[in-house]
Amino acid sequence: MHIAQGVLKALNVNKLTKCGVTFRFWVADWFAQLNNKMGGDLKKIQTVGNYMVEIWKAVGMDMDRVEFLHASEEINKRPDEYWTLVMDIARRNNLKRIVRCSQIMGRAEGDDLSAAQIFYPCMQCADIFFLKASGAEAQCRADICQLGMDQRKVNVLAREYADDARPKRMKPVILSHPMMPGLLQGQEKMSKSDPNSAIFMEDSEAEVRTKIKKAYCPPGEVEGNPCLSYIQHIVLPWAKQLAVARAEKNGGNIIYTNFEELAADYASGALHPSDLKPALASSINDILQAGSGGGQRGPRGREAAPAMGCCPAHERGPVRDHFESNAEAKALLKAVKSYKTTR
Ligand SMILES: N[C@@H](Cc1ccc(O)cc1)C(=O)O
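Residues numbered from 1 in each chain as written. Predicted model: local features only at pLDDT ≥ 70, side-chain atom pairs only at ≥ 80, totals over all residues. Heavy atoms only, no water.

S.K.: I would appreciate a short explanation of the nonpolar core in the present structure.
M.R.: If you look at the biggest cluster of nonpolar residues, it comprises 63 residues, and the most contacted ones within it are Tyr230, Leu276 and Ile284. There are two domains that each give this core at least three residues, and those are domain 1 (1-77 + 314-343) and domain 3 (195-310). Tyr230 has contacts with Ile3, Met180, Pro181, Leu183, Met190, Ala198, Ile199, Val235, Leu280 and Ile284, leaving out every residue within four places of it along the chain. Grouped together as the second largest cluster of nonpolar side chains are 31 residues, Ile89, Tyr120, Cys122 and Met123 included. (Core = buried A, V, L, I, M, F, W, Y, C linked by side-chain atoms within 4.5 Å. Buried < 20%, exposed > 50% of the residue type's maximum accessible area, 1.4 Å probe, protein only. Domains from an automatic or database assignment. Contact = heavy atoms within 4.5 Å.)

S.K.: Teacher, can you tell me more about helix H3 (residues 42-59) here?
M.R.: Its 18 residues give H3 an end-to-end C-alpha distance of 26 Å, which sits within 8% of 26 Å, the value for a rise of 1.5 Å per residue. Among all positions of H3, only Ile45, Thr47, Val48, Gly49, Tyr51, Val53, Glu54, Ile55, Trp56, Ala58 and Val59 are buried. Of the residues flanking the start of H3, the one acting as N-cap is Asp41, its side-chain oxygen 3.0 Å from the backbone nitrogen of Lys43. Of the residues flanking the end of H3, it is Gly60, one or two places downstream, whose phi is positive at about 110°. (Helix = DSSP H or I, 4+ residues; strand = E, 2+ residues; numbered from the N terminus. Expected span 1.5 Å × (residues − 1). Polar contact = N/O pair within 3.5 Å; in protein donor to acceptor, adjacent residues only side chain to side chain.)

S.K.: When you look at the pairing of strand S4 (residues 173-177) in this model, what are you seeing that I'm missing?
M.R.: Successive side chains on a regular strand alternate, one facing one side of the sheet and the next facing the other. Where strand S3 (residues 144-148) meets S4, five bridges bridge the pair, whose relative direction is parallel. In the strand pairing of S4, Leu147 is matched with Ser176. Traced from S3 through helix H8 (residues 152-164) to S4, the parallel crossover comes out right-handed. (Pairing = 2+ DSSP bridges. Right-handed = clockwise from strand over helix to strand, strands pointing away.)

S.K.: I would appreciate a short explanation of the site of the ligand in the present structure.
M.R.: Taken together, the neighbourhood of the ligand is formed by Trp26, Ala28, Phe31, Ile104, Tyr120, Gln124, Asp127 and Gln151. At a separation of 2.5 Å, an oxygen atom of the ligand approaches a polar side-chain atom of Asp127. With respect to the ligand, the side chain of Gln151 contributes an N or O atom lying 2.9 Å from a nitrogen atom. For the ligand, the protein covers 73% of the area, taking 340 Å² as the surface of the free molecule. If you tally residues by element for the shell around the ligand, the top one is helix H7 (residues 116-130), at three residues. (Near = heavy atom within 4 Å. Areas by Shrake-Rupley, 256 points an atom, 1.4 Å probe, with all protein chains shown as cover.)

S.K.: Teacher, can you tell me more about the packing of H3 against helix H14 (residues 327-338) here?
M.R.: The geometry of a pair of packed helices is captured by two quantities: the angle between their axes and the separation between those axes. Where H3 contacts H14, the two axes come as close as 9 Å, and the packing angle between them is 135°. The angle between the axes of H3 and H14 places the two elements in the oblique class. In this structure, H3 meets H14 at a crossing whose hand is left-handed. Across the interface between the two elements, Thr47, Val48, Asn50, Tyr51 and Glu54 from H3 touch Ala329, Leu332, Leu333, Ala335 and Val336 from H14. (Axes fitted to C-alpha atoms, helices over the stretch in contact; angles between N-to-C directions. Parallel < 35°, antiparallel > 145°, perpendicular 65-115°, else oblique. Left-handed = near helix turned anticlockwise from the far one by under 90°.)

S.K.: Is there a simple way to explain unusual backbone geometry in this structure?
M.R.: Most peptide bonds adopt trans geometry, and most residues besides glycine take a negative phi value. That bond from Arg166 to Pro167 is cis: its omega, -5°, falls within 30 degrees of zero. Among the secondary structure elements, Pro167 is positioned in the loop between H8 and S4. Its identity as a non-glycine residue notwithstanding, Asn36 has a phi of 65°, on the positive side. Exposure remark for Asn36: the relative accessible area of 39% places this residue in the partly exposed category. A positive phi angle is found at Met38, which is not glycine, with a value near 50°. Residue position: Met38 is located in the loop between helix H2 (29-34) and H3.

Listed below in structure tokens is the structure:
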């Protein structure tokens, strides 16, 4: 799992549950199978699902108002309701409209899609109206769809369908998080097949340093700079600050608590990539490593940074430790690493 799926998701969930929202995770095992992930092996897919849940728990997602639902199980509990919805959505949309949703499966519209990949968007759209607790009223739907920007097309389809359905249905609110770019030049997206394009939740301290060192970070350029995206969307929201250790001649040590100030300094050249990158790597390592004391450790010679604001200290970022010290988690990670991914 890359850091956007791990940390960004946990941040979003914590923000929502803090406001009183109940967050239902739809563990989309059947969807991965329809999309031929893991060669369509449902057992492997479910192991990957369990590993993801394990990471979210370890990274400090506040579990009080979080539920995990497995698509394959939930659909089989109320098949009449589910498939009636799927058929109605399929009947009210032409093939072109469904194919336009291909991005939600990581496919392009021009790809040679299987018939399963035509089911997929119809089913994902149905999920939104199916997700309320069983026995819910006929108007049932997820109130808010919180997914990545890459899932927007199907969420819009659901809003359109809400108007087309008879009787009409309530429209869901779409809350999309931005997509994190890949770390290397020209990588619009992180790629699971190129380990250097993303930080993974179980990367070692040294791997994080090497990846950030290699990352694209053109001096003075804020737009399209993946290092700055990481700071804006992951480090600052999580750690509330970025502490940069700098030689006196380069301006001395500085702590940023807000992205606009950091971006302005970066754009003007006052903050240089060679000072920014080690700070970013340390900060990511703090997020992933409980053993270092979470957010306590600033760059060398600095006063300790305050603890991460996002969650209680005892729940903070023990991802790396967890997968080392917990036998079950360790076995899960080993199994997942042994799988060959399929496109
Ligand atoms: N399409 C999503 C997975 C998903 C499937 C069904 C849903 O209802 C929601 C999400 C993805 O690829 O990440």
